Amino acid sequence: MLKRIVGVVVALAVAKVVWQWLRTTFWRWITLDVWGWIAAHPWWCSLAAAPLVAAAGFALHRVLAPHLYMYSGGGGYPAYDDAEDEDEEELFGPVYRMRHLDVMHPTEFEKACAALLARDGFTRVVHSGGSRDLGADVVAYDTDGRKVVVQCKHYARPVGSRDVQMFNGTARPVHHADVPVMVGLNGFTADAQALGDHQDLALMGRQALKRWAHGTHLYDALGAGSDEDCTAA
């Protein structure tokens, strides 16, 4: 108990000394010396401050980008035509521009995919992500009760066959996916696409992702996919 009292007394004494220093010596140094030098050398100060301002702006951009770049397409989104219902259903929810998906952090990209699933009417949407998700970044259920397991690859290059093989090894055996979907921000190599076709995996390349991000239902976007999402191995 005595040690605690002594500690509090010492802490208060130190705080008082620091406060007095801030009010006198430090404040005088800031207002007279530093500000005086800045006033006398404005161009040098601007050059010195420019990198700091740029770094702060870049950091703020990375934090706010996923939230600022979600946009509304004029009050409505492209309709999804249910095969069992001839009436058009207008979807309301998030849509994204590709250049904004490009700058997202991988985790924010996964969250964006989860938001798009919820927009499309999928239920029980859960974003897990992380190193222990075993390939299931997002899990959801469609209107027919089928389990959709999505793995999101925010790569600067096309996804290769090794990643597709690893996803194939967990999507159905581990996660019991009815519809395994792999999203590649920059598409897939030809070998990866061939493996996905052979294993009946839904691979969403860049062009299909663009349609999905702009408002097309997931299944329609996948159905409209083509070899334009593939590159040579």
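The following refers to the structure shown. (Residues numbered from 1 in each chain as written. Predicted model: local features only at pLDDT ≥ 70, side-chain atom pairs only at ≥ 80, totals over all residues. Heavy atoms only, no water.)

### Some thoughts on the overall build of the protein
From N to C terminus, the protein includes 8 helices and 11 strands. Within the protein, buried positions represent 34% of all 233 residues. Considering only intrachain contacts with a sequence separation of at least 6, the fraction spanning at least 24 residues in the protein is 56%. As displayed, the protein offers around 14300 Å² of accessible surface, 60% of which is attributable to carbon and sulfur atoms. (Helix = DSSP H or I, 4+ residues; strand = E, 2+ residues; numbered from the N terminus. Buried < 20%, exposed > 50% of the residue type's maximum accessible area, 1.4 Å probe, protein only. Contact = heavy atoms within 4.5 Å. Areas by Shrake-Rupley, 256 points an atom, 1.4 Å probe, with all protein chains shown as cover.)

### Regarding the pattern of salt bridges
For the structure shown, the criterion picks out 4 salt bridges. Arg206 is paired through a salt bridge with Asp102; the nearest N and O atoms lie 2.9 Å apart. One end of the pair, Arg206, is in helix 7 (residues 206-213); the other, Asp102, is in helix 3 (residues 98-102), with 104 residues separating them in the sequence. (Salt bridge = Lys/Arg side-chain N within 4 Å of Asp/Glu carboxyl O.)

### Description of helix 6 (residues 190-198)
Listed as buried for helix 6 are Ala192, Gln193 and Gly196. The arc enclosing the buried residues of helix 6, seen along the axis, measures out at 100°, which places them on a common side. Along helix 6, exposed side chains directed more than 90 degrees from the buried face belong to Asp197 and His198. Trailing helix 6 by a residue or two, Asp200 shows a phi angle of about 60°, which is positive. (Arc of directions from axis to C-beta.)

### As for the side chain of Glu110
Following the sequence through the fold, Glu110 ends up in helix 4 (residues 106-119). For the buried Glu110, no salt bridge exists, and the shortest N-O distance to an oppositely charged side chain is 7.8 Å, to Lys153. Apart from residues no more than four positions distant in its own chain, Glu110 is found in contact with His127, Gly129, Asp137, Val138 and Cys152. (Lys, Arg positive; Asp, Glu negative; His and termini not counted.)

Everything listed is a geometric property; what it means functionally is a separate question.
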